Amino acid sequence: MSFEELGLSAPVLQAVTEKGYTEPTPIQEKAIPIVLMGRDILGCAQTGTGKTASFVLPMIDILAEGRAKARMPRSLILEPTRELAAQVAENFEIYGKYNKLNMALLIGGVSFPDQERALEKGADVLIATPGRLLDHFERGGILLNDVKILVIDEADRMLDMGFIPDVERIVATLPKLRQTLFFSATMPPEIKRLADRFLSNPKEVTVSRPASANTNVVQGLVIVQDDQKRDALLALIKSQEVKNAIVFCNRKRDVATLHTVLKKHGLNAGALHGDMSQPARTETLEKFKAGDIQILVASDVAARGLDVQDMSHVFNYDVPFSPEDYVHRIGRTGRAGKTGHSFTLATPNEGDLIDAIQKLINTTIPRVEVPGLDTAILEASDGRRRGRGGRRGGRGAAAPERGERSERGGRGPRRESSEPREPRAPRAEQPAEAAPAEAVAAPAIESHREPRPAREPREPRPEREHREPRPDRAPRERRPEQRAEQRAEPRSERRPERRHERDDGHSPVGLGDHVPAFLARR
Ligand code: AMP
């Protein structure tokens, strides 16, 4: 099918052609005609499928007629992170270059006056993260009565980050008569319930494959002792033809440390994590996208949606805690038909995490040896070694740099830390999509153990936008029924931003001095 057959206007088609797309991706093929008809959509698709254009292109055409009034946007796109919001805004600029639509981008970490000016001009398209949108709303800077199209993107990510109550508040202020496009990579029951409430007779659109059938990520798994991870990473970077790469760490602190290490080794590296100021995040991302930074050390804030052309490598310096994060991380490479490479560094006691990933992607990640380093083997959860081989080759065991020899003989303790982690992708209640890669199948190396009982669910550690304190209103106690609701909410739906704000030295909004002890915990 061609883009011409989808019913898009000539100006939009022109922009698409100039972007270099020859044919629509499956989600575009399915969703665009439905959006143009004015119907609601329940889309099950992840980033990398061409999902953004599937709503941006028809929205441009729908909004081409009419003009926005000051502070009354005509459409609203909610995104969970600033990066994703900025990326959607870029998409509007690219595809809407032959249309005269006004756009406003409301994200945290950017000054209010500029955003207020954009709203004042009248926004045909408003792209926002929920926290910052509510800040503007509560300051009286925006009215949402004129929103005709609502897009809720990455709904499962919103859930994981604790944004759902904010999203519900926002949706409650919108006109009932509107078109709603709701996208989520996974559809756990709470997301489905939300969709049922927000959507009216939606058409369901599901795509299980990423944008291009040629997408190909060649995966590798390196098992090394904890104190050899840095050497392994450096050796891999040197031995591979790395054009540009993201190195993912599980913790913000490790991002900063590893960034310093890579720079010390003469590599052109940058860092990206949720504790950085927004200008610094934006600047780093722009430099990385422009090729001025070759290696980006990042937390999972960069795992989803980040669209960097032709990224050659992804390195998982840490095995992600959630297998879905693995899929998102390696999906940053091998995009748009290009071959990408991913290497994951695992320590011997991370067999469970590797098992979970391999189960999800339904393939065994081929083991890779790093010349000059000992190859370790994964341990079973009872401490026994399993799988093939033992230590081989290499130059012998290096002296431990960090941590002490564990009781099991491993070097260094299991990497458990009380340091807050970056947000994780949601735990899929139904299996997430297979790897966005045609993973190179490897012969079965390990004998898989019986599946272990599910772990205790971890409380998500969301990275939230800082809500600005409202300047004009007195702090308000919650109504008793709100408190009851709050208690009844599942943990994942509570609003953890309060904690985050405190971490950063801000006062909790709306509680005045009466901060309950459990919230004041540090
Ligand atoms: P998204 O899922 O929206 O993040 O898009 C993933 C990537 O696919 C982005 O780099 C888009 O530029 C690209 N893309 C979107 N639509 C198409 C298309 N029809 N043909 C080729 N690439 C596309």
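Residues numbered from 1 in each chain as written. Predicted model: local features only at pLDDT ≥ 70, side-chain atom pairs only at ≥ 80, totals over all residues. Heavy atoms only, no water.

## So, the site of the ligand
Item 1. As a matter of local geometry, the ligand sits amid 15 residues, with Tyr21, Gln28, Gly48, Thr52 and Asp307 nearest to it.
Item 2. A distance of 3.0 Å separates an oxygen atom of the ligand from a polar backbone atom of threonine 49.
Item 3. One of the backbone nitrogen or oxygen atoms of glycine 50 is found 2.8 Å away from an oxygen atom of the ligand.
Item 4. For the ligand, whose free accessible area comes to 490 Å², the fraction covered by protein is 86%.
Item 5. For the shell around the ligand, the per-class residue count stands at three nonpolar, eight polar and four charged.
Item 6. Counting the residues that make up the shell around the ligand, at least three belong to each of domain 1 (3-206) and domain 2 (217-361). (Near = heavy atom within 4 Å. Polar contact = N/O pair within 3.5 Å; in protein donor to acceptor, adjacent residues only side chain to side chain. Areas by Shrake-Rupley, 256 points an atom, 1.4 Å probe, with all protein chains shown as cover. Nonpolar A, V, L, I, M, F, W, Y, C, P; charged D, E, K, R; others polar. Domains from an automatic or database assignment.)

## Focus on the confidence of the model for the protein chain
Item 1. Chain-level statistics for the protein chain give a pLDDT mean of 76 and a share of 70% at 70 or above.
Item 2. In the predicted structure, residues 210-214 sits below a pLDDT of 50 and forms 12 contacts with residues beyond four places in sequence or in another chain.
Item 3. Here residues 386-464 is a poorly scored stretch, pLDDT under 50, and it has 219 contacts once near neighbours within four places are set aside; other chains count. (pLDDT = per-residue confidence, 0-100. Contact = heavy atoms within 4.5 Å.)

## Side note on the packing of aromatic side chains
Aromatic ring pairs are described here by two measures, namely the spacing of the ring centres and the angle between the planes.
Item 1. As enumerated under the stated definition, the model contains three aromatic pairs in all.
Item 2. When the centroid spacing of 6.2 Å and the interplanar angle of 55° are considered together, the rings of tyrosine 21 and tyrosine 95 count as tilted. Of this pair, tyrosine 21 sits in the loop between α1 (10-19) and α2 (26-37) while tyrosine 95 sits in helix α4 (residues 82-95), and the two are 74 residues apart along the sequence.
Item 3. Ring centres of phenylalanine 315 and phenylalanine 343 lie 5.9 Å apart, and the angle between their planes is 15°; on these two criteria the pair is classed as stacked. Taken together, the residues phenylalanine 315 in strand β12 (residues 313-316) and phenylalanine 343 in strand β13 (residues 339-346) connect sequence positions 28 residues apart. In terms of burial, phenylalanine 315 and phenylalanine 343 fall into one category: buried.
Item 4. The side chain of arginine 132 reaches across the aromatic face of phenylalanine 112, ending 3.9 Å from its centre. (Phe/Tyr/Trp six-rings, centres within 6.5 Å; stacked < 30°, edge-to-face > 60°. Helix = DSSP H or I, 4+ residues; strand = E, 2+ residues; numbered from the N terminus. Buried < 20%, exposed > 50% of the residue type's maximum accessible area, 1.4 Å probe, protein only. Lys NZ or Arg CZ within 6 Å of the ring centre and 35° of its normal.)

## So, the sheet that holds β12
Item 1. One open sheet accounts for six strands, arranged β8-β13-β12-β9-β11-β10; its pairing is parallel. Here the strands that pair on one side only, and so sit at the sheet edges, are β8 (216-223) and β10 (269-272). This sheet shows a mean twist of 20° between the axes of neighbouring strands, independent of strand direction.
Item 2. Alignment of strand β9 (residues 245-248) against β12, held across four bridges, turns out to be parallel. Residue phenylalanine 248 lies in a different strand from β12, and its bridge partner there is asparagine 316. (Pairing = 2+ DSSP bridges. Axes fitted to C-alpha atoms, helices over the stretch in contact; angles between N-to-C directions.)

## With respect to the pattern of salt bridges
Item 1. Enumeration according to the criterion identifies 17 salt bridges in this entry.
Item 2. One salt bridge in this structure joins arginine 74 and aspartate 124, with 2.7 Å as the shortest N-O distance. With arginine 74 in the loop between α3 (51-63) and β2 (75-78) and aspartate 124 in the loop between α5 (112-120) and β4 (125-128), the pair connects residues that are 50 residues apart, well separated along the chain. Assigned by exposure class, arginine 74 and aspartate 124 land together as buried.
Item 3. Among the ionic pairs, glutamate 283 bridges to lysine 287, the shortest N-O distance being 3.2 Å. (Salt bridge = Lys/Arg side-chain N within 4 Å of Asp/Glu carboxyl O.)

## Brief notes about the pairing of β8
Item 1. In terms of residue burial, β8 counts as a mostly covered element, since six of its eight residues are buried.
Item 2. Looking at chain direction, β8 and β13 are connected through eight bridges and run parallel. Paired with glycine 220 across the two strands is phenylalanine 343, which belongs to β13.

## Examining the sheet that holds strand β7 (residues 203-206)
Item 1. Spatial strand order, β3-β4-β2-β5-β6-β1-β7: seven strands in an open sheet with parallel pairing. Only two strands of the sheet have a single neighbouring strand rather than two, namely β3 (103-106) and β7. For this sheet, the mean angle separating the axes of adjacent strands, direction not counted, is 15°.
Item 2. Where β3 lies against β4, four bridges are found, and the strand directions are parallel. Paired with alanine 104 across the strands is leucine 126, a residue of β4.

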